[in-house]
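One letter stands for each residue in the lines below.
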Amino acid sequence: MLVLSRRPDQKIVFPSIGVTINVLKVRGGVAKIGIDAPRELEILREEVATNQGNVTSSADRPSMLVNKSQHDLRNRLNTARLAVYLAQLQIHQGDNAEAAKTLETVVEGFKEAEKIMAAQRSPQKLRALLVDDDRNERELLASCLKSFGYDVETAGDGVEALEYLQEHQLPDVVLLDMAMPVCDGPLAVRHIRETPWMRNLKVFGVSGADPGEAGVAIGPEGVDGWFKKPLDPARMIGQIRQETFGSITTV
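What this report covers is the structure whose coordinates are included nearby. What you see is a predicted model, and the numbers here were worked out from it, not measured in a lab.

For the structure on display, the rule yields 1 aromatic pair. For the pair Phe204 and Phe227, a centre-to-centre distance of 5.6 Å together with 25 degrees between the ring planes defines the contact as stacked. Taken together, the positions of Phe204 in strand β7 (residues 202-207) and Phe227 in strand β8 (residues 225-228) put the pair 23 residues apart, joining distant regions of the chain. Assessed through its relative accessible area of 0%, Phe204 is described here as buried. Looking at Phe227, the relative accessible area reads 1%, which means it is buried.

And the structure:
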């Protein structure tokens, strides 16, 4: 639980959205509260202590809301703004208990804003097909991918993988072990590249060997990337996103 009692020069910080509430001065039952916020949260930079009801019209705003998440974010921040003003009135009237409850609303509003902005910053979710005959490795790597927000399906060998690709919507990426029974990685890659509706699928080789040793090329006729065991999951995720979206994502 966050304790809201604050002395002058103490702060409440919301690092995810760059907002800091500063208790500037407490005198005669009145608390002067300052809010530091980035420019995109300009609604919190207006003076609220002496301008009750003075709300900027939508025509004066630099831009209109374009999606639901922005609308929700603006609502949360506006609620926090109104709660700060109300808390100042309550403190001025000597109702410190109600002011403390109102400031809890401010904190909750900023917490919700943090969640919304975190969701907006989240990378686009990918669908992955993970193919490996080693059950332990397959499940551990699948769990790792899921922890990064991926939707993951698995297959135990090349045959299972090709059957999945025939019967389901193509995933964004395939992570393909090279050394497997029945249908190994190189054979599965060749089948994918020779099938017109699958040939542009992003395929990444996973092996303890180098591409040359496995007999697989890196390029349009082979795999889009190569991850050598033991794997570095963070580097792997970053490279997959770079190859898929054309930009580097730091994990």
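This part takes up helix α5 (residues 185-194). Turning to α5, its buried residues number three or more, namely Gly185, Pro186, Ala188, Val189, Ile192 and Arg193. Angular distribution of buried residues about the axis of α5 spans 160 degrees; they occupy a single face of the element. Among the structural elements, α4 (158-167), β6 (173-177), β7 and α6 (211-214) are those in contact with the buried residues of α5. Residue Asp184 occupies the N-cap position of α5, its side-chain oxygen lying 3.0 Å from the main-chain nitrogen of Leu187.

As a further point, take the side chain of Arg138. Here Arg138 lies in helix α3 (residues 135-147). Buried charge Arg138 goes without a salt bridge, the closest partner of opposite sign being Glu139 at 5.4 Å. Setting aside residues up to four positions removed in sequence, Arg138 forms contacts with Leu130, Asp132, Asp133, Thr154, Ala155 and Gly156.

Pairing within the open sheet is parallel, and its 5 strands lie in the order β5-β4-β6-β7-β8. Of all the strands in the sheet, just β5 (151-155) and β8 have a single pairing partner and so form its edges. In this sheet, neighbouring strand axes are inclined to one another by 20 degrees on average, regardless of whether the strands run parallel or antiparallel. Pairing of strand β4 (residues 127-131) with β6, which is carried by 4 bridges, proceeds in the parallel orientation.

If you check which residues of α4 are buried, you get Gly158, Ala161, Leu162, Tyr164 and Leu165. Down the axis of α4, the buried set is contained in an arc of 155 degrees. They therefore lie on one face. Its buried side turned inward, α4 meets β4, β5, β6 and α5. Of the residues that open α4, the one with a side-chain oxygen 2.9 Å from the backbone nitrogen of Val159 is Asp157.

Judged from the 5 bridges that link them, β4 and β5 form a sheet pairing that is parallel. Within the sheet, the bridge partner assigned to Leu129 lies in β5 and is Glu153. Regarding topology, α3 serves as the crossover connection from β4 to the parallel β5, and that connection is right-handed.

With that settled, the discussion passes to the pattern of salt bridges. Applying the stated criterion across every chain yields a total of 9 salt bridges. The shortest N-O distance in the salt bridge between Lys229 and Glu137 comes to 2.8 Å. One end of the pair, Lys229, is in the loop between β8 and α7 (233-245); the other, Glu137, is in helix α3, with 92 residues separating them in the sequence. Its relative accessible area of 26% is what places Lys229 among the partly exposed residues. Here the salt bridges do not stand alone but share partners, grouping Asp132, Glu137, Asp177 and Lys229 into one network.

Thresholds applied
Residues numbered from 1 in each chain as written. Predicted model: local features only at pLDDT ≥ 70, side-chain atom pairs only at ≥ 80, totals over all residues. Heavy atoms only, no water. Phe/Tyr/Trp six-rings, centres within 6.5 Å; stacked < 30°, edge-to-face > 60°. Helix = DSSP H or I, 4+ residues; strand = E, 2+ residues; numbered from the N terminus. Buried < 20%, exposed > 50% of the residue type's maximum accessible area, 1.4 Å probe, protein only. Arc of directions from axis to C-beta. Contact = heavy atoms within 4.5 Å. Polar contact = N/O pair within 3.5 Å; in protein donor to acceptor, adjacent residues only side chain to side chain. Lys, Arg positive; Asp, Glu negative; His and termini not counted. Salt bridge = Lys/Arg side-chain N within 4 Å of Asp/Glu carboxyl O. Pairing = 2+ DSSP bridges. Axes fitted to C-alpha atoms, helices over the stretch in contact; angles between N-to-C directions. Right-handed = clockwise from strand over helix to strand, strands pointing away.

Distances and angles like these do not, on their own, reveal function.
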